[in-house]
Every structure is written in C-alpha cells, then in structure tokens.
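Structure assessment
What follows is each chain in one-letter form.
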Amino acid sequence: EDSSTQNALAAFVGSFLFSLVSIIALTTGLYGERGRVILFVATLLVIVLVVATLLRWIDHLARLGHLTQTTDRVESAAGKALADRLAHPCLGAAPLTHRAPPDGALPVTQDKVGYVQHLDVAGLASLAEELDAEIWVTAPPGTFLHPALPLAWLVGGRLSEDSVARLRDTFVVGDQRSFRQDPRFGLAVLAEIASRALSPAVNDAGTAIDVIAPGVRLLSRSPGVP
C-alpha cells in the first residue's frame, strides 16, 4: 500500500509504454513534421516526470525502514481508521444491544480461516431488507475466523443457498489483519514494536519510549471506539 512506490512504478511503466509506442509510430512514418515536434515536447515532459519521480522515490527509499517513519506510517494508518470509526460508529450499522442472539436465529459460517479485513455494511443492509430480516454481525473487522465461528446470525428470515453466498461475500477474509476498518490493529502493531524492543535480545528502551507518544495520541483521539 506504499503510494510512493506505486507512483514510481506507474511512472516507469508509463514512460516505457510511451517510448515503445513513439518508436513504433516514428518507424511507420505516422508523424509528420508538426507531429515530430509535438512528440519531442512530450518526450521532454516525460523525461522530467521520470527524473522527478526517481528522485522522490530515492528519497523515500533512503528513509524506508527507519523507526520514526515506521511508527509515523502506523500512526497515520491507525488514525484514519479511528477517524472513520468515530465518524461511523459500528461501521454505520445499529449496535448490538444483546450479546446472545435470540431464539430461532440462524447462524451463518464459512470455510475460510483468517481475519475479517473488510465488511460491506451497505450490502448487508440491502440483503436484510430483501429478506425482511435482521442480520446480527458477530465477526467485525479484525476478528479471527474459523469454520466453527459464525460470521453473523439471521433473525426473522429464511436462509437459502443464494442468500448465504451473498452474505458471505460481504465479508472479506484474508491471512492478515488490515488497517482500513480495524482501528485496534494500529494500536496492536505499535504495542508489538514496543514489546519487541524490550525483549532481552534487543533491550532497546528508546524504541519503546518513542512508541509511547503515537500510542497516547491515538488513544486520546479515540475514547471508547465501538
């Protein structure tokens, strides 16, 4: 998800394709005198773009992996997730008032093992309206899923193969946790950085101290995140 690297790769691939198409066009005699002048100006602009992108990428690589940059990136990603969660508590859905689903609720499970990375709340709302039922989500983003743990419970409706498949599709399950809808993940990453720094093999108290500031900033912005 490194935007700097993605922009650099996009610029390099784009310039390569531009040069390839330009060479083919010149070889086939597609351009006249005016077209060659326009192509020359465009080539200069592409060269400037590639050089600027390369210099920016080199500066990015020079700082890549430094502790301060790593903690800043984690704090930034976690801060965005926290801001989104504070703006849309429970991802925009209604909060559960009871931990246990009511009698007669139908569980929905899946065969994947991994973490919930994304939840399509709009898709769930549309499905619940179509089935005229309530969907109790018990596996929000960040939950570790296995086949015995229900994704959600269907209250007041009937499950069909199509509705089960559509409900499962609203949950994106992957091998790793994601920052986007999981505000607690950023705090967990910061805590892991600090705990590794205080291990007997490293014993780097300075790193643990540096992690305190972004952790406090995140916690002060997010009292009682649902």
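Up top you'll find the structure we're talking about.
Residues numbered from 1 in each chain as written. Predicted model: local features only at pLDDT ≥ 70, side-chain atom pairs only at ≥ 80, totals over all residues. Heavy atoms only, no water.

Moving on, we come to the pairing of strand β2 (residues 114-119). Each regular strand carries side chains that alternate between the two faces of the sheet. Sheet analysis places β2 next to strand β4 (residues 144-145), joined by two bridges and oriented antiparallel. Note that in β4 the partner of Tyr115 across the bridge is Phe144. Both β2 and strand β6 (residues 171-174) contribute to a ladder of four bridges, which runs antiparallel. Within β6, the position partnered with Val116 by the bridge is Val173. (Pairing = 2+ DSSP bridges. Helix = DSSP H or I, 4+ residues; strand = E, 2+ residues; numbered from the N terminus.)

On to the sheet that holds β6. As summarised here, the arrangement of the three strands in space is β4-β2-β6, forming an open sheet in which the pairing is antiparallel. The open sheet terminates on both sides in strands that have one partner only, identified here as β4 and β6.

Turning next to the packing of aromatic side chains. This model, assessed by the stated rule, comprises three aromatic pairs. Considering the side-chain rings of Tyr115 and Phe144, the 5.2 Å spacing of their centres and the 65° angle between planes classify their relative orientation as edge-to-face. On the criterion of sequence distance, the pair formed by Tyr115 in strand β2 and Phe144 in strand β4 is long-range, its members being 29 residues apart. Overall, Phe144 belongs to the partly exposed group, its relative accessible area being 42%. (Phe/Tyr/Trp six-rings, centres within 6.5 Å; stacked < 30°, edge-to-face > 60°. Buried < 20%, exposed > 50% of the residue type's maximum accessible area, 1.4 Å probe, protein only.)

A few words now on the side chain of Ser15. Counting through the fold element by element, Ser15 comes out in helix α1 (residues 3-27). A distance of 2.8 Å separates a polar side-chain atom of Ser15 from the backbone oxygen of Phe12. (Polar contact = N/O pair within 3.5 Å; in protein donor to acceptor, adjacent residues only side chain to side chain.)

Looking now at a nonpolar patch on the surface. Taken together, the side chains of Val37, Phe40, Val41, Leu44, Leu45, Ile47, Val51, Leu54, Leu55 and Ile58 make up a nonpolar region of the molecular surface, amounting to roughly 930 Å² of accessible area. Tracing the chain through its elements places Phe40 in helix α2 (residues 33-63). The exposure class assigned to Phe40 is exposed, which follows from its relative accessible area of 53%. (Patch = residues over 30% accessible without salt bridge, like charges linked within 9 Å, V, L, I, M, F, W, Y side chains within 5 Å. Areas by Shrake-Rupley, 256 points an atom, 1.4 Å probe, with all protein chains shown as cover. Salt bridge = Lys/Arg side-chain N within 4 Å of Asp/Glu carboxyl O.)

With phi around 55°, Cys90 is a residue other than glycine that occupies positive phi space. As for its placement among the helices and strands, Cys90 is situated in the loop between α3 (67-87) and β1 (106-108). Non-glycine residue Leu91 carries a positive phi angle of around 60°.

Before going further, it helps to examine the side chain of Ser178. By secondary structure assignment, the location of Ser178 is in the loop between β6 and α6 (183-197). Residue class for Ser178 comes out buried when judged on its relative accessible area of 14%. A polar contact is formed between the side chain of Ser178 and the backbone nitrogen of Arg180, at a distance of 3.5 Å. Excluding its chain neighbours within four sequence positions, the residues that come into contact with Ser178 are Gln117 and Phe185. (Contact = heavy atoms within 4.5 Å.)

Put simply, α3 and α6 touch, their axes get as near as 7 Å, and they point 155° apart. Regarding the angle of α3 to α6, the classification is roughly antiparallel. Here the hand of the crossing between α3 and α6 comes out left-handed. For the pair α3 and α6, contact is made by Leu67, Thr70, Thr71, Val74, Ala78, Ala81, Leu82 and Arg85 and by Pro183, Gly186, Val189, Leu190 and Ile193, respectively. Residues of the contact of α3 with α6, tallied by class, amount to nine nonpolar, three polar and one charged. (Axes fitted to C-alpha atoms, helices over the stretch in contact; angles between N-to-C directions. Parallel < 35°, antiparallel > 145°, perpendicular 65-115°, else oblique. Left-handed = near helix turned anticlockwise from the far one by under 90°. Nonpolar A, V, L, I, M, F, W, Y, C, P; charged D, E, K, R; others polar.)

A few words now on the packing of α3 against helix α7 (residues 205-221). Between α3 and α7, the shortest axis-to-axis distance is 10 Å and the interhelical angle comes to 15°. Viewed along their axes, α3 and α7 adopt a mutual orientation that is roughly parallel. As α3 packs across α7, the resulting crossing turns out to be right-handed. Residue-level contacts link Leu67, Thr71, Glu75, Ala78, Gly79, Leu82, Ala83 and Leu86 of α3 to Thr207, Asp210, Val211, Pro214, Arg217, Leu218 and Arg221 of α7. For the contact of α3 with α7, the residue count by class is eight nonpolar, three polar and four charged.

Take the environment of His60 next. Residue position: His60 is located in helix α2. C-alpha separation for the pair His60 and Ser4, spaced 56 residues apart in sequence, amounts to 7.4 Å. Discounting residues that sit within four places of it in the chain, His60 has contacts with Asp2, Ser4, Thr5, Gln69 and Arg73.

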